[in-house]
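The primary structure of each chain is shown beneath.
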Amino acid sequence: MKYIFVINSRADKRETIDKDLERQLSGKDIHYDVYHTEGSGDGIRFVRIYCDLHQEEEVCFVACGGSGTLNEVASGIVGFHHKSLALLAYGSTNDFTKNYPDRDFRSLDRILNGENTLIDIIKVNDNYSINVANIGFDSEAAFWGGKYAENGMDGVKAYRRAVFSCILTKRFNRIQVTADGEKLNNKRMLLCTFGNGRWYGGQYLCSPNAMLDDGLIEVCLFKACSLITFLRLLKHYEKGDHLVDPFCKKRLVYRRARYVTATSRNLIYACLDGETIAAGSYEVDILHKAINLVLPQKEEKK
């Protein structure tokens, strides 16, 4: 087995990751290469080209970073046999790892002694999401937060400004969502998540019933609402009891589906594992057990 460590390109993370990876690799007799991405999307490009040129080679691509790096590596290996995915988590939130609370995704030793399992991945038009995809208020905030940051604003301040602005202006999104042919709303909505995994945004348990290998998308659509209602919903959404709380249940539509569409006359910003894209419409499919994931070895109970 060959291991290829794909490292996040961000300057503020690269040095830290390089040093820790060097420490964890010290003394290990394994066949490996290291690749540093050169910007957004480069991880997908590199992995796809490598897989295409080495289709019969047994390779485990280890995403070294957070949700964005994991997304790029996972997107790159879709459709290629003899390739597996592992995550050495260096992200600030590491939402995907919360699906496996009994596994240590920061330990290379446990990854090298891990076990393989097949999991699903969500396809959104020609893109992929291994954890959660979302549209509406929260994806708009992610998009504008990124724009403010590109113009020189501090990252935390940029996101806070975007959230505040979107709370006021993006609670009534004209987007029609259907799940397996059923219309879920009347063309106005607050937000909608498409969950393969359970957590996103660092703290929100958006899809509490999600399973990564069941061949289904957890679709949760919140209806357009007033500011006061929005603030009441938020605390339940964070805890993950929005599917059972009576106040929330009246203001959302929940379905488990295999095929979802989202359409609008306006441009829709979608967030895929934290990375933002834009289109006028989306087709959302689930690719059942399309990813060979390496789960870190469980810690032995004492």
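Owing to the predicted nature of the structure, the values given are computational and were not obtained by experimental measurement.

### Topic: the packing of aromatic side chains
Turning to step 1, where the next piece is worked out: Tallying each qualifying case throughout the model produces 13 aromatic pairs.
Turning to step 2, where the next piece is worked out: With a centroid separation of 5.9 Å and 80° between ring planes, the pair formed by Phe 5 and Tyr 32 is classed as edge-to-face. In this pair, Phe 5 is assigned in strand β1 (residues 2-7) and Tyr 32 in strand β2 (residues 31-36), connecting sequence segments 27 residues apart.
Turning to step 3, where the next piece is worked out: Taking relative accessible area as the criterion, Tyr 32 reaches 35% and is therefore assigned partly exposed.
Turning to step 4, where the next piece is worked out: Ring pairing ties together the aromatic residues Tyr 35, Phe 46, Tyr 50 and Phe 61, which thus form one cluster.
Turning to step 5, where the next piece is worked out: For the cation-ring pair, Arg 161 lies above Tyr 148, with the distance from its terminal atom to the ring centre recorded as 4.2 Å.
Turning to step 6, where the next piece is worked out: When the ring centre of Phe 247 is taken as reference, the NZ or CZ atom of Arg 251 above it lies at 3.9 Å.

### Considerations on the nonpolar core
Turning to step 1, where the next piece is worked out: Counting residues in hydrophobic clusters, the biggest one holds 29 residues, and the most contacted among them are Phe 61, Leu 85, Phe 96 and Ile 130.
Turning to step 2, where the next piece is worked out: Contributing elements (two or more residues each) for this core: β1, α2 (42-53), β3 (59-65), α3 (67-77), β4 (83-89), β5 (115-124) and β16 (275-295).
Turning to step 3, where the next piece is worked out: For Ile 130, the residues in contact, after removing those within four places along its chain, are Leu 70, Asn 71, Ala 74, Leu 85, Phe 96, Ile 119, Asp 120, Ile 121, Asn 196, Leu 212, Asp 273 and Ile 291.
Turning to step 4, where the next piece is worked out: If you look at the next biggest cluster of nonpolar residues, it comprises 25 residues, including Ile 135, Met 189, Val 253 and Ala 257.

### Quick word on the side chain of Lys 83
Turning to step 1, where the next piece is worked out: Structurally, the position occupied by Lys 83 is in strand β4.
Turning to step 2, where the next piece is worked out: Buried Lys 83, no salt bridge; nearest opposite-charge side chain is Glu 57, N-O distance 6.0 Å.
Turning to step 3, where the next piece is worked out: Reaching out from Lys 83, the side chain makes a polar contact with the backbone oxygen of Glu 57 at a distance of 3.0 Å.
Turning to step 4, where the next piece is worked out: With residues up to four places along the chain from it excluded, the contact list for Lys 83 reads Cys 51, His 54, Gln 55, Glu 56, Glu 57, Val 59, Phe 61, Ile 77 and Asn 292.

### So, unusual backbone geometry
Turning to step 1, where the next piece is worked out: One non-glycine residue, Asn 94, adopts positive backbone phi at about 50°.
Turning to step 2, where the next piece is worked out: Summarising the element assignment, Asn 94 is placed in the loop between β4 and α4 (108-112).

### Examining helix α6 (residues 155-169)
Side chains that are three or four residues apart share a direction in an α-helix, a result of its 3.6 residues per turn.
Turning to step 1, where the next piece is worked out: Look at α6: 21 Å from first C-alpha to last across 15 residues, which is about the 21 Å you get at 1.5 Å a residue.
Turning to step 2, where the next piece is worked out: Of all the positions in α6, only Ala 158, Ala 162, Cys 166 and Ile 167 are classed as buried. Viewed along the axis of α6, the buried residues span an arc of 165°, placing them on a single side of the element. Opposite the buried face of α6, by more than 90 degrees, sit the exposed residues Lys 157, Arg 160, Phe 164 and Leu 168.
Turning to step 3, where the next piece is worked out: If you follow the buried residues of α6, they end up packed against α5 (137-150) and α7 (227-239).

### Side note on the pairing of β5
Residues in a regular strand point their side chains to alternate faces of the sheet.
Turning to step 1, where the next piece is worked out: Of the pairings in the sheet, the one linking β5 to β16 comprises nine bridges and is antiparallel in character. What sits directly across from Ile 122, in β16, is Ile 286.
Turning to step 2, where the next piece is worked out: As judged from the three bridges shared by β5 and strand β6 (residues 127-129), these two strands associate in the antiparallel manner. When the bridges of β6 are listed, Val 124 appears paired with Asn 127.
Turning to step 3, where the next piece is worked out: Counting the residues that bridge the hairpin from β5 to β6 gives two residues, and of these Asn 125 lies at a positive phi of roughly 55°.

### With respect to the packing of α5 against α6
The packing of two helices is summarised by the inter-axis angle and the distance between the axes.
Turning to step 1, where the next piece is worked out: Contact geometry of α5 with α6 gives a least axis separation of 8 Å together with a crossing angle of 135°. Put simply, α5 runs oblique to α6. Remark: the crossing between α5 and α6 carries right-handed chirality. Every residue of α6 that contacts α5 at Phe 137, Glu 140, Ala 141, Ala 142, Trp 144, Gly 145, Tyr 148 and Ala 149 is listed here: Ala 158, Tyr 159, Arg 161, Ala 162, Val 163, Cys 166 and Ile 167.
Turning to step 2, where the next piece is worked out: Looking at the contact of α5 with α6, its residues break down into 12 nonpolar, one polar and two charged.

Reading the values: rules and limits
- Residues numbered from 1 in each chain as written.
- Predicted model: local features only at pLDDT ≥ 70, side-chain atom pairs only at ≥ 80, totals over all residues.
- Heavy atoms only, no water.
- Phe/Tyr/Trp six-rings, centres within 6.5 Å; stacked < 30°, edge-to-face > 60°.
- Helix = DSSP H or I, 4+ residues; strand = E, 2+ residues; numbered from the N terminus.
- Buried < 20%, exposed > 50% of the residue type's maximum accessible area, 1.4 Å probe, protein only.
- Lys NZ or Arg CZ within 6 Å of the ring centre and 35° of its normal.
- Core = buried A, V, L, I, M, F, W, Y, C linked by side-chain atoms within 4.5 Å.
- Contact = heavy atoms within 4.5 Å.
- Lys, Arg positive; Asp, Glu negative; His and termini not counted.
- Salt bridge = Lys/Arg side-chain N within 4 Å of Asp/Glu carboxyl O.
- Polar contact = N/O pair within 3.5 Å; in protein donor to acceptor, adjacent residues only side chain to side chain.
- Expected span 1.5 Å × (residues − 1).
- Arc of directions from axis to C-beta.
- Pairing = 2+ DSSP bridges.
- Axes fitted to C-alpha atoms, helices over the stretch in contact; angles between N-to-C directions.
- Parallel < 35°, antiparallel > 145°, perpendicular 65-115°, else oblique.
- Left-handed = near helix turned anticlockwise from the far one by under 90°.
- Nonpolar A, V, L, I, M, F, W, Y, C, P; charged D, E, K, R; others polar.

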